[in-house]
Amino acid sequence: ATSVAGVENTPSERSFIALKPDAIQRGLIADIVGRLERKGFKLVAMKLLTPSKELVEKHYEDLKDRPFYPGLVAYMAQGPVLAMVWQGPGVVKTVRQMLGATNPAQAPSGSIRSDFFLVTGRNGIHASDAHASAEAEIALWFKPSELVDWKRDADQWILSAN
Ligand code: IDP
Ligand code: MG
């Protein structure tokens, strides 16, 4: 397996997506992962883990001064978390749209957070919000050797003719 840093706005663009412990506990893996898969994005890494408190703290470092931070870290560090890397043109922005707003009550109907979740503190899924944060989060959660470099035959039907 090799990994080449994803390039923004090309088919190699990547995002870090993670199903949070509530999604795992509730048996929503197939429903949510299925949406990403059917959209046409390509899965390049996936692992189920219970992240260390340190990993979660680093992942949510920019929120460390918020009142909900300790509860957020405890929620995530309970595990399990399904950590993934998905690839495709526009993946960062499009997956954020597929998620909907942070607060499921404000997420558009048909979005993942609207369809499966009720409250901000149990909103089931994380997705990188920008290209730079995606690359940083991928490096935080995965070793380069865990990213799978594979040729998908369906790409000729998904990525061509644009
Ligand atoms: P995002 O997940 O949509 O990017 P962020 O503002 O980056 O939203 O917050 C990260 C995560 O922190 C949220 O997905 C949610 O799990 C949690 N969070 C954000 N705001 C609150 C809050 O007001 N109460 C409890 N948890 C929150
Ligand atoms: Mg965020």
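Residues numbered from 1 in each chain as written. Chains lettered and ligands numbered in written order. Predicted model: local features only at pLDDT ≥ 70, side-chain atom pairs only at ≥ 80, totals over all residues. Heavy atoms only, no water.

Identification of the chain as nucleoside-diphosphate kinase from Capsaspora owczarzaki is taken from an unreviewed UniProt entry. Recorded in UniProt for the chain, the comment headed Cofactor (unreviewed entry) runs: "Mg(2+)". The Sequence similarities (unreviewed entry) comment attached to the chain in UniProt states, word for word, "Belongs to the NDK family." (UniProt positions renumbered as here; feature names shortened; annotations may be inferred.)

Concerning the UniProt feature "domain: Nucleoside diphosphate kinase-like" (unreviewed entry) in the chain
Following the UniProt record, the feature "domain: Nucleoside diphosphate kinase-like" (unreviewed entry) maps to residues 12–149 here. Here residues 12–149 is 42% helix and 17% strand, with 11 Å between the C-alpha atoms at its ends. (Helix = DSSP H or I, 4+ residues; strand = E, 2+ residues; numbered from the N terminus.)

Remarks on the nonpolar core
If you look at the biggest cluster of nonpolar residues, it comprises 23 residues, and the most contacted ones within it are I17, L19, I32, W86, V95 and I112. Going through the elements one at a time, β1 (14–19), α1 (21–25), α2 (29–39), β3 (81–87), α5 (91–99), α6 (112–116) and β4 (125–127) are the ones with two or more residues in this core. Per-element accounting of this core gives the leading share, five residues, to α5. Sequence-distant contacts of I112, that is, excluding residues within four places in its chain, are made with I32, R35, M98, L99, F117 and I125. If you look at the next biggest cluster of nonpolar residues, it comprises 21 residues, including L49, Y60, Y69 and Y75. (Core = buried A, V, L, I, M, F, W, Y, C linked by side-chain atoms within 4.5 Å. Buried < 20%, exposed > 50% of the residue type's maximum accessible area, 1.4 Å probe, protein only. Contact = heavy atoms within 4.5 Å.)

Overview of the side chain of R113
Tracing the backbone through its elements, the reader meets R113 in helix α6. No salt bridge is formed by the buried R113; its nearest oppositely charged neighbour, D22, is found at 8.6 Å. Within polar-contact distance, the side chain of R113 engages the backbone oxygen of I125 at 2.7 Å. In this structure, R113 is in contact with K20, L99, G100, A101, T102, P104, A107, N123 and I125, ignoring residues within four places of it in sequence. (Lys, Arg positive; Asp, Glu negative; His and termini not counted. Salt bridge = Lys/Arg side-chain N within 4 Å of Asp/Glu carboxyl O. Polar contact = N/O pair within 3.5 Å; in protein donor to acceptor, adjacent residues only side chain to side chain.)

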